[in-house]
Amino acid sequence: MSKIHVIVTTHTTRHLRRTLMGVASQWRKADSVTVTIDGDGPEILELVRACATEFAMPIRVVSRVHQGVCRSAQVRNNGARAAIVEAAPDDILVFYDGDCCPAPEALERYERLFDRASWGFGTMGGAASVDDDRRKVMLVIGHWITLTPEQTEQFDERALRMGKWPAKPDEEEIAKLPRRRKRYMRQLLMRKLKLAKGHKPKLASGNFGIRVSEYVAVNGFDELYEGYGQEDDDLGRRVYKHGGRVAIGVDQCLVFHQWHPTRQPGAWETAPGVSRFKRPYGVEAERGLKNPVSQPEPVVEGVASRETRVAH
């Protein structure tokens, strides 16, 4: 049975406690939990240490000095590097953003979808290969339920601790999920016919699962993406190009995206990563898991043991 290693990415304390509460309240417990931080502010480190105690959950913390620009791709890779030290190739990395609290059944659903080796339409197309590695699901795409400001304010922590949903989403929000699943399954079929866009179905970096072997094979996130956007589209299309088999969990592997003030997204063409995204690409990230962009050495702290060491 593959182990599941959860990686939570954040740059702020906002909503992080509830997200870690969601991780701790899973029906299927995580085998390891890593919080990777775009910064080294003491307030985040103090919160994570408090959560490790409150939820009786050992947490690995990876931090490094903020670089003056959003480098979420690099920060996710920092967390993955630390988690992979104790992981096997068949193990699963599940990535969450710090404002995305997983539903209690989320990790169990991920495990089921990864275990169903010949489920759905794979990017290889046709019948299952005799090569077991090509039959395995390598990527599972999850999704989110968007909470309103009122639902975020009324977030039921007691229900979450009991393994229940902490909020009752609007009916329309729930109705979107099967429609999205149908659309993503259609895109997988189009991919089989070589008619899909390179990054479809879309991988959302705030909630997805990937096998360790696949993450290593594509060299993780491309750390040359800076600012917000496109780094997840890029990871998805490289997994597809590599032939990684995909399962769609947008109506099963769910997180509650907690409301917070944010900038209004502009047109896709105006996002900072678009020019890079339009460049030719291969399977491996140009600068990624194995050859990171220069940064201050990340510090890895095992909260349970209070042991601190420098990441390799």
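Okay, so let's go over this structure. (Residues numbered from 1 in each chain as written. Predicted model: local features only at pLDDT ≥ 70, side-chain atom pairs only at ≥ 80, totals over all residues. Heavy atoms only, no water.)

Taken together, the 3 strands give an open sheet; going across it, the order is S5-S10-S7, and neighbouring strands pair in mixed fashion. Of all the strands in the sheet, the pair left with one neighbour each is strand S5 (100-102) and strand S7 (143-146). Strand-to-strand, the axes of this sheet are offset by a mean angle of 35°, without reference to chain direction. Contacts between helix H8 (residues 171-192) and the sheet are confined to S7 and strand S10 (254-257), with S7 contributing the most and set at about 160° to the helix. (Pairing = 2+ DSSP bridges. Helix = DSSP H or I, 4+ residues; strand = E, 2+ residues; numbered from the N terminus. Axes fitted to C-alpha atoms, helices over the stretch in contact; angles between N-to-C directions. Contact = heavy atoms within 4.5 Å.)

So, on to the state of the cysteines. Counted under the stated rule, the structure contains 0 disulfides. For the unlinked cysteine Cys101, the closest cysteine sulfur is that of Cys100, found at 9.2 Å. (Disulfide = S-S within 2.5 Å.)

Right, let's talk about the pairing of S7 for a bit. Across the two faces of S7 the burial differs, with His143 and Ile145 buried and Trp144 and Thr146 not buried at all. Pairing of S7 with S10 involves 4 bridges; the strand directions are parallel. Its bridge partner lying in S10, Ile145 is registered against Phe256. (Buried < 20%, exposed > 50% of the residue type's maximum accessible area, 1.4 Å probe, protein only.)

Turning our eyes to something else, we now look at the packing of aromatic side chains. According to the stated counting rule, one finds 6 aromatic pairs in the structure shown. Centre to centre, the rings of Phe95 and Phe208 are 4.9 Å apart; their planes meet at 5°, and the pair counts as stacked. Of this pair, Phe95 sits in strand S4 (residues 92-97) while Phe208 sits in strand S8 (residues 207-211), and the two are 113 residues apart along the sequence. Neither Phe95 nor Phe208 differs from the other in exposure class; each is buried. Ring pairs connect the aromatic residues Phe95, Phe208, Tyr215 and Phe221, which therefore count as one cluster. A cation over an aromatic ring shows up here: Arg276 above the ring of Tyr225, its NZ or CZ 5.8 Å from the ring centre. (Phe/Tyr/Trp six-rings, centres within 6.5 Å; stacked < 30°, edge-to-face > 60°. Lys NZ or Arg CZ within 6 Å of the ring centre and 35° of its normal.)

Moving on to the environment of Phe277. Relative to the helices and strands, Phe277 is located in helix H11 (residues 274-277). For the pair Phe277 and Gln230, spaced 47 residues apart in sequence, the C-alpha to C-alpha distance is 6.6 Å.

This part covers the nonpolar core. Here is a general trend for soluble globular proteins: nonpolar side chains tend to be buried in one another's company. Judged by nonpolar contacts, the single largest core of 46 residues is most densely connected at Leu20, Ile59 and Tyr96. Ranked by the residues each element gives to this core, the list is headed by helix H2 (residues 42-54), at 6 residues. Setting aside its immediate chain neighbours within four residues, Leu20 contacts Val8, Val33, Val35, Cys51, Phe55, Met57 and Ile59. Formed by 27 residues, the second largest nonpolar core is a distinct cluster that contains Phe95, Ile210, Val212 and Tyr215. (Core = buried A, V, L, I, M, F, W, Y, C linked by side-chain atoms within 4.5 Å.)

It is worth spelling out the side chain of Asp222 at this point. Here Asp222 is to be found in the loop between helix H9 (212-217) and helix H10 (231-242). Judged by relative accessible area, which is 5%, Asp222 ranks as buried. A polar atom in the side chain of Asp222 sits 2.9 Å from the backbone nitrogen of Leu224. Leaving out residues up to four positions away in the same chain, Asp222 has contacts with Ala73, Asp234, Arg238, Arg276, Ala285, Glu286 and Arg287. (Polar contact = N/O pair within 3.5 Å; in protein donor to acceptor, adjacent residues only side chain to side chain.)

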